[in-house]
Amino acid sequence: VQLQAYGGGLVQAGDSLALSCAASGRTFSSYTMGWFRQAPGKEREFVAGINWSGGSLYYADSVKGRFTISRDNARNTVYLQMNSLKPEDTAVYYCATGNTGVVYTTFNRYIYWGQGTQVTVSS
């Protein structure tokens, strides 16, 4: 399974940014997808997750109302739309998937990881 994340960059506080993650190597539509992030000196943290069908969405409290996760099973792609970005959103963002269709919020339930994409929000 290969995951390739795109879309990071440098933006100002209050701006929006959209991340994409393209998956290959197995049937994309059968499995949960998640986004995590890791800031310097901090542990990797759950950001958002979406189940196999897109019918169940989960968000970290810190991003609720600002971030939206979605998926396009025909394109084998998961998205993370990030609005009203804050400096504390600065991190490397990773997409990940496991071997289940249920959303988990802990990183140890995710087996395959993308390479990460840097998001930097300036104040």
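Residues numbered from 1 in each chain as written. Predicted model: local features only at pLDDT ≥ 70, side-chain atom pairs only at ≥ 80, totals over all residues. Heavy atoms only, no water.

### Side note on the side chain of R71
Assignment of secondary structure puts R71 in strand β7 (residues 67-72). Of the side chains with opposite charge, D72 lies nearest to the buried R71, which makes no salt bridge, at 8.3 Å. At 2.9 Å, the side chain of R71 and the backbone oxygen of F28 are in polar contact. Side-chain polar atoms of R71 contact the backbone oxygen of N51, separated by 2.8 Å. The residues contacting R71, other than those within four sequence positions of it, are F28, S29, Y31, T32, M33, I50, N51, W52, G54, T77, V78 and Y79. (Helix = DSSP H or I, 4+ residues; strand = E, 2+ residues; numbered from the N terminus. Buried < 20%, exposed > 50% of the residue type's maximum accessible area, 1.4 Å probe, protein only. Lys, Arg positive; Asp, Glu negative; His and termini not counted. Salt bridge = Lys/Arg side-chain N within 4 Å of Asp/Glu carboxyl O. Polar contact = N/O pair within 3.5 Å; in protein donor to acceptor, adjacent residues only side chain to side chain. Contact = heavy atoms within 4.5 Å.)

### Topic: the sheet that holds strand β1 (residues 2-6)
Taken in spatial order, the 4 strands make up an open sheet running β1-β3-β8-β7, and their pairing is antiparallel. Two strands bound the open sheet, and with one partner strand each, they are β1 and β7. Mean inter-strand twist for the sheet, computed between neighbouring axes without regard to direction, equals 15°. (Pairing = 2+ DSSP bridges. Axes fitted to C-alpha atoms, helices over the stretch in contact; angles between N-to-C directions.)

### Points about the state of the cysteines
Structurally, a disulfide amounts to a covalent bond that connects the sulfur atoms of two cysteines. Under the criterion given, the structure shown has 1 disulfide. Disulfide pairing is shown between C21 and C95; the S-S distance is 2.0 Å. As the torsion about the S-S bond is roughly 60°, the C21-C95 disulfide counts as right-handed. Separated by 74 residues along the polypeptide, C21 in strand β3 (residues 17-24) and C95 in strand β9 (residues 91-97) bring together distant segments of the chain. (Disulfide = S-S within 2.5 Å.)

### Re the nonpolar core
Residues W35, L80, M82 and Y93 are the most contacted members of the largest nonpolar core, which totals 28 residues. Where this core is concerned, the elements lending two or more residues are β1, β3, β4 (33-38), β5 (45-50), β7, β8 (77-82), β9 and β11 (117-122). Among the elements that take part in this core, β3 stands out by supplying 4 residues, more than any other. In this structure, F36, F46, A96 and V103 belong to the second largest nonpolar core, which totals 5 residues. (Core = buried A, V, L, I, M, F, W, Y, C linked by side-chain atoms within 4.5 Å.)

### Overview of the pattern of salt bridges
Side-chain pairs of opposite charge can arise where the charged atoms are in close proximity. All chains considered together, the criterion is met by 5 salt bridges. Taking the shortest distance from any N to any O, the salt bridge between R66 and D89 comes out at 2.7 Å. Residue R66 is found in the loop between β6 (57-59) and β7, and its partner D89 is found in the loop between β8 and β9; the two are separated by 23 residues along the sequence. Of the two residues, R66 and D89, both sit in the buried class. The closest approach of N and O atoms between D72 and R75, which form a salt bridge, is 3.3 Å. Look at the salt bridges and you will find they share partners, linking R37, E45, R66 and D89 into a network.

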